[in-house]
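Residue-level structure breakdown
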Amino acid sequence: WLRSDLAGLQFNYAHDTMGMQYLLNPDERKGLEVLSGVYLGLPPYKNVDYDNILEEPIEKIAQMNGVDACRTLQLYKVLGRRIQKRPALNRIYQKVLMPATRVLMETTKNGLPVDLLRLAAGKKRAEKFAGLLVSKLIVESGNPDFNPRSTKQVAALIYGEWRLPIKKKTQKGAPSTSAEAVSMI
């Protein structure tokens, strides 16, 4: 909104605290409220019902946004120092992440042109290819009633018939057929 023509103001996008946190700790949460608790020792403050935001008093939303801005600045100072202490991360942040984020913002603002005819043709090719794969699975299974959406049948084929190694199990201990598990084989 601040970058839009509606605001009538020009703001420079200088830093991204969530991006900094991603570089420092990619597997940890990146939300402002969580980060301000972790790095600044500040308590939670967001008591707005986002599902019914239009019902909330404007004063409450304005106050929360003010706290957001203050905490973001404080967080930037802490995370910025941590990034600067790691020259390789700082280069990645300055030369890759920030330019990519600026492009993402412009893309979000302006949208992307989509060739609907090419998209439809690609979808048809993908559906045809998926159909061929399903047919091949049915033939490989030797079962004309094979259902590729049945995790039990797929597991029986992959780990039983094909004897591929089990790399991951479900919470209940069954061999996993998730995309992640199968890609590990």
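These lines cover the structure that appears in this document, whether it is placed above or below. (Residues numbered from 1 in each chain as written. Predicted model: local features only at pLDDT ≥ 70, side-chain atom pairs only at ≥ 80, totals over all residues. Heavy atoms only, no water.)

**A closer look at the overall build of the chain**
Here is the rule we go by: Helical segments are the DSSP runs of H or I of at least four residues, strand segments are the runs of E of at least two, and each set is numbered from the N terminus. Using C-alpha atoms as the atom set, the radius of gyration is obtained and then compared with a globule rule of 2.2 Å times the number of residues to the power 0.38. The cut-offs for exposure are 20% and 50% of the maximum accessible area for each residue type, with area from a 1.4 Å probe on protein chains only; residues under the lower value are buried, those over the upper are exposed, and the others partly exposed. Throughout, a contact is declared for two residues whenever any of their heavy atoms are within 4.5 Å. The Shrake-Rupley method, run with a 1.4 Å probe sphere, supplies the accessible areas, and residue values consider only the shown protein chains as cover. Here the positive residues are Lys and Arg and the negative ones are Asp and Glu; neither His nor the chain ends is included. A charge is said to be at NZ when it belongs to Lys, at CZ for Arg, at CG for Asp and at CD for Glu.
When its secondary structure is counted, the chain shows seven helices and zero strands. Computed over C-alpha atoms, the radius of gyration of the chain comes to 25 Å, more than 25% over the 16 Å expected from 2.2 N^0.38 for 185 residues, which places it beyond the range of a compact globule. Once the C-alpha set of the chain is aligned to its principal axes, its extents read approximately 65 × 45 × 45 Å. Every one of the 185 residues in the chain was classed for burial, and the buried ones make up 22%. Counting only contacts in the chain whose residues sit at least 6 apart along the sequence, the fraction spanning at least 24 positions is 45%. Carbon together with sulfur atoms contributes 58% to the accessible area of the chain, which is approximately 14100 Å² in total. Placing the 28 positive and 18 negative side-chain charges of the chain at their respective mean positions leaves the two points 9 Å apart.

**Some thoughts on helix α3 (residues 58-84)**
Each α-helix turn comprises 3.6 residues. Residues three or four places apart therefore point the same way. Definition in use: The span you would expect from a helix comes to 1.5 Å times its residue count less one.
For α3, which comprises 27 residues, the first-to-last C-alpha distance of 38 Å matches the rise-based estimate of 39 Å (1.5 Å per residue) to within 8%. Ile61, Met64, Asp68, Arg71, Leu75, Val78, Leu79, Gly80 and Ile83 are the residues of α3 that are buried. Of the surrounding elements, those touching the buried residues of α3 are α1 (17-24), α2 (32-40) and α4 (87-110).

**Digging into the pattern of salt bridges**
In a structure, side chains of opposite charge can pair up when their charged atoms sit close to one another. Note the following rule: A carboxyl oxygen of Asp or Glu within 4 Å of a side-chain nitrogen of Lys or Arg is what we treat as a salt bridge.
Counting across every chain of the model gives four salt bridges. As a salt-bridge pair, Glu56 and Lys60 come within 3.1 Å of each other at their nearest N and O atoms. Glu180 is the partner of Lys168 in a salt bridge, and the nearest nitrogen-oxygen pair spans 2.8 Å. Linking Lys168 in the loop between α6 (151-161) and α7 (179-183) with Glu180 in helix α7, this pair joins segments that are 12 residues apart in sequence. The class of Lys168 is partly exposed, set by a relative accessible area of 29%. Overall, the relative accessible area of 48% leaves Glu180 in the partly exposed class.

**Quick notes on unusual backbone geometry**
For Arg163, which is not glycine, the phi dihedral falls at a positive 55°. The residue Arg163 is located in the loop between α6 and α7 in this model. The class of Arg163 is exposed, set by a relative accessible area of 69%.

In short, shape yes, function no, at least from these values alone.
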